[in-house]
Amino acid sequence: MNKIFKFQKVMFVCYFIMLILSAIYALSFMTAYQDLFGYENVLNESVANFHTELQKYNRVIFYLTVVGAISIIPLFALEINKKVPDKIALIIMGAFSIVFLIFCVYGIIKIPGFIKEYHELDFKWLWLENPTLDQDYVYQTKDLTFYLGYALYSVSFLCIILFQVSLFASHFTYLKQEEKGEDNA
């Protein structure tokens, strides 16, 4: 039981860290693509549309991150890091975990499409609307933010699954020990 409870504590910390990293990612996502903002010329329409799609995506991940932040309240209120979870804690954390899993899957599905679309954009006309650019300006794509998101969502997905497994394992191991009349952790 002690090993399972220690695993639960470790996964609690991992879950908490992934929530924080997801919030930071959602808040900083658009900064890498701020140079694509404000283009209105017909020749730059694809760039403007792409920027709008990124903003919509950013809004969704921000709202899902807010739900994740709200999950911190029951995480500490239910003392998941200090106690074996009861049925109510399993249900509440299960519901929040489902939302966080959906968030991760959404990101994992959307990011490859964004990368593909980003690389297909025609940046050669940006200089028409940006006086700081020369006519021979070559736009350098910035993929790091996308790849960081993909890695974050993948690791978060794994952490959420393991966190839920640790909660259920801790709960059911406790119940078995209680039935046998053993000393509980």
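To be clear, the structure that these remarks concern was listed above.
Residues numbered from 1 in each chain as written. Predicted model: local features only at pLDDT ≥ 70, side-chain atom pairs only at ≥ 80, totals over all residues. Heavy atoms only, no water.

(A) Structural detail: the overall build of the chain. Per the secondary structure count, the chain includes 5 helices and 0 strands. Order of helices (α) and strands (β) in the chain, N terminus to C terminus: α-α-α-α-α. Considering only C-alpha atoms, the chain reaches an extent of 80 × 20 × 20 Å along its principal axes. Taken across its 185 residues, the chain has 39% of its residues classed as buried. Long-range pairs, those at least 24 residues apart, make up 84% of the contacts in the chain with a sequence separation of at least 6. Surface summary for the chain: the accessible area is close to 10600 Å², and the carbon and sulfur share equals 65%. With 14 positive and 17 negative side-chain charges, the chain shows a separation of 13 Å between the mean positions of the two kinds. (Helix = DSSP H or I, 4+ residues; strand = E, 2+ residues; numbered from the N terminus. Buried < 20%, exposed > 50% of the residue type's maximum accessible area, 1.4 Å probe, protein only. Contact = heavy atoms within 4.5 Å. Areas by Shrake-Rupley, 256 points an atom, 1.4 Å probe, with all protein chains shown as cover. Lys, Arg positive; Asp, Glu negative; His and termini not counted. Charge placed at Lys NZ, Arg CZ, Asp CG, Glu CD.)

(B) Fine view of the environment of I4. Tracing the backbone shows I4 in helix 1 (residues 2-28). Residues I4 and A169, 165 residues apart in the sequence, show an inter-C-alpha distance of 6.9 Å. Apart from residues no more than four positions distant in its own chain, I4 is found in contact with S166, A169, S170 and T173.

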